[in-house]
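# Tertiary structure, described
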Amino acid sequence: MEAGLHDRLHRDPTIEGGIVHLGLGAFFRAHGAIYVAEAGGWGITGVSLQSPGTRDRLRPQGWAYTAVELGPEGEKPQVVTVLRDVLVAPEDPQAVLDAMASPATHIVSLTVTEKGYCHEPSTGRLNRGHPDIAHDLANPLPRSAPGFLVRALAARRDAGLPPFTVLCCDNLPENGRVVRGVVGELARLIDPALADWIAAKGAFPATMVDRIVPATTPADLDRLEATAGYCDEAPVMHEPFRQWVVEDSFCGPRPAFETVGVQMVADVTPYEHMKLRMLNGTHSSLAYLGYLAGHETIADTMADPVFAGFVRGLWRNEIIPALTPPPGQALGAYAEALAARYANPAIRHRTWQIAMDGSQKLPQRILGTIAESRAAGRAVPGLTLAVAAWMRYASGRDERGAAIEVKDPLAPRLAALWRDDPARTVAGFLSLAEVFPPALRDDAGFAHDLTAALSALVRDGARACMGGRADA
Ligand code: CS2
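Residues numbered from 1 in each chain as written. Predicted model: local features only at pLDDT ≥ 70, side-chain atom pairs only at ≥ 80, totals over all residues.

### Observations concerning the nonpolar core
Where we set the bar: For this entry, the nonpolar core is defined as buried Ala, Val, Leu, Ile, Met, Phe, Trp, Tyr and Cys residues connected by C-beta atoms within 7 Å. Exposure classes come from backbone-placed C-beta atoms, where a residue is buried if 20 or more other C-beta atoms lie within 10 Å of its own, exposed if 12 or fewer do, and partly exposed in between. How far each domain reaches was decided by an automatic or database domain assignment. For every residue pair, C-beta atoms are placed from the backbone, and the pair is scored as a contact if these atoms sit within 7 Å.
Tyr288 and Ala389 are the most contacted members of the largest nonpolar core, which has 139 residues in total. Looking at this core, you find at least three residues from each of domain 1 (17-265) and domain 2 (269-468). If near-sequence neighbours (up to four positions away) are discounted, Ala389 is found in contact with Tyr288, Leu289, Leu292, Leu457 and Ala462.

Structure (structure tokens):
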């Protein structure tokens, strides 16, 4: 089957062109890749920007892999054969640029996580001090995602080709605008005429992506082998639910996404805000508070009535009042659907996994809601407690004094901000300009509330603090 697929992708004259995808993690393979496969007629060249592991596991399988739907009532495996090649950028960056600059490529999509855009999370601007950006300014063979986009776009312009559409599939607000911004800034530093060409001809549609995809575990591999009867070294696990909302502004051909349930719209912003603040905002809140309280997964936190009540209170009292619903979407119903998705016992989504990279995630997930609510005079005690829990988590010690493996690009700086005095800890964290927007850094009332929340957290523990704020 695999060799046949490979041949077909190169010979089938109905295939109009290709997609190069940067950041071939489990999320894209369980979400965007499946939509592309269903739409038909397109193949994907995957690119790992860091390590060869995924390529090495997929190659012997002819790039095919199993996507396993984990529903509360059982598992459904599906073989996905849309990948036609996988490249590893650090091994051969020129091969990646060649694939992106090929006339057959029309779309470069990305899931490189929040930190992969080398931007400052609080402002969205390119972080010129980032070591990979410094490298990419000085070298034609890039390391960063923005570097690959800029150098490949330059090669296309020089070859007289149109640009590809840049399709960001990461959980950033107005993600198309963010990528357009970092690409434009980097291009201008390298070649102002290139920046003008990209600004005039390029397309960076915004998207909202949604599917819960926990990391695959060795136990998943064994279970799949036992039930499906074959060995897959690189399957992905996902919940039944999926949603993809895409701004319909491509500068070249695209798959017939609208035929497979992708919502093609003129403005993605209300969908992005709803999803980032209602799903990811509560995911992060449950991750920090849940981890501190000793819960291993999101489903475990939802099975704890104190947490289930707390998260419902966050939606009803703090997050929904600050949102404009997308057309035809009732936010109360969206919250109920999220509660059911979180409670799915088949999904073992670890609080530790979601807690990763908090400095890159908090601004769009939680801090925006807090800043807007405070400006409008609405109280946000639960979200303030979640920020305090992030600070406590980032200190690197849990409530019993055990070490936490904190994964965050700012981890050493965050740990060094911890003091025995909560007011001083809060002052230190609030000085992080790349995380907190000016409206919160200069808000003495917020510093006061955050200090009170952190003091209570240290004194009483996460679970006790949340009990008082529950809304069950
Ligand atoms: C999660 C997301 O890991 C995380 O930070 O909040 O990956 C979440 O599962 C997805 O955005 C759901 O669409």
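### Side note on the domain arrangement of the chain
Worth spelling out the cut-off: Helix numbering and strand numbering both begin at the N terminus, where a helix is a DSSP run of H or I of at least 4 residues and a strand a DSSP run of E of at least 2. Ten residue types, Ala, Val, Leu, Ile, Met, Phe, Trp, Tyr, Cys and Pro, are classed as nonpolar, four, Asp, Glu, Lys and Arg, as charged, and the remainder, Gly among them, as polar.
Here the domain parsing of the chain yields domain 1 (17-265) and domain 2 (269-468). Taken over C-alpha atoms, the centre of domain 1 sits 28 Å from the centre of domain 2. Between domain 1 and domain 2, the residue contacts involve 22 residues of the former and 29 residues of the latter. At the level of elements, strand E3 (65-71) and strand E8 (207-210) are the ones that each hand at least two residues to the side of domain 1 that touches domain 2. Here the side of domain 1 that touches domain 2 is built from residues that sort into twelve nonpolar, four polar and six charged.

### Digging into the sheet that holds strand E4 (residues 74-80)
Worth spelling out the cut-off: The rule for pairing is simple: two strands pair if DSSP sees at least two bridges between them. Note on geometry: axes are C-alpha line fits, over the in-contact stretch for helices, and angles between N-to-C directions span 0 to 180 degrees.
Pairing in this open sheet of three strands is mixed, and the strands run E4-E3-E9 from one edge to the other. Only two strands of the sheet have a single neighbouring strand rather than two, namely E4 and strand E9 (236-238). Strand-to-strand twist of the sheet, defined as the mean angle between neighbouring strand axes without regard to direction, takes the value 25°. The sheet contact formed by E3 and E9 spans three bridges and is parallel.

### As for the site of the ligand
For clarity, the threshold we go by: Being near a molecule or strand means, for a residue, that its C-beta atom, positioned from the backbone, comes within 6 Å of it.
The environment of the ligand is formed by Asn171, Asp210, Arg211, Ile212, Leu279, Asn280, His283, Gln353, Ile354 and Lys361. Of all the secondary-structure elements, those providing two or more residues to the shell around the ligand are helix H11 (269-292) and helix H15 (351-355). Per-element tally for the shell around the ligand: the top contributor is H11, with three residues. Partitioning the shell around the ligand into residue classes produces three nonpolar, four polar and three charged. Formed jointly, the shell around the ligand draws a minimum of three residues from each of two domains, domain 1 (17-265) and domain 2 (269-468).

### Some remarks on the confidence of the model for the chain
The cut-off we apply is this: Per-residue confidence from the predictor is given as pLDDT, running between 0 and 100.
Mean pLDDT over the chain: 94, with 95% of residues reaching 70 or higher. Scored below 50 in pLDDT, residues 1-14 shows 15 contacts in the model against residues more than four places distant or in partner chains. Taken over the whole predicted complex, pTM reads 0.94, whereas the ipTM for its chain interfaces reads 0.99.

### So, the packing of H11 against helix H16 (residues 358-375)
Stated precisely, the cut-off is as follows: Each angle is binned into one of four classes, with values under 35 degrees roughly parallel, values over 145 roughly antiparallel, values of 65 to 115 roughly perpendicular, and all other values oblique. By convention, the crossing between two helices is left-handed when the near helix turns anticlockwise from the far helix through less than a right angle, and right-handed when the turn is clockwise.
Closest axis-to-axis distance for the H11/H16 pair is 9 Å, and the angle between their directions is 125°. As far as their axial angle goes, H16 and H11 are oblique. As H11 runs across H16, the sense of the crossing is left-handed. Here Leu276, Arg277, Asn280, Gly281, Ser284 and Ser285 of H11 come into contact with H16, specifically with Gly358, Lys361, Leu362, Gln364, Arg365, Ile366 and Thr369. Class assignment of the residues belonging to the contact of H11 with H16 gives a composition of three nonpolar, seven polar and three charged.

### Regarding the UniProt feature "domain: Mannitol dehydrogenase C-terminal" (unreviewed entry) in the chain
In plain terms, the rule: UniProt positions are given in the numbering used here, feature names are shortened, and annotations may be inferred rather than shown by experiment.
Here the UniProt-annotated "domain: Mannitol dehydrogenase C-terminal" (unreviewed entry) positions come out as residues 267-457. Secondary structure within residues 267-457 divides into 66% helix and 0% strand; the distance between the first and last C-alpha atoms comes to 40 Å.

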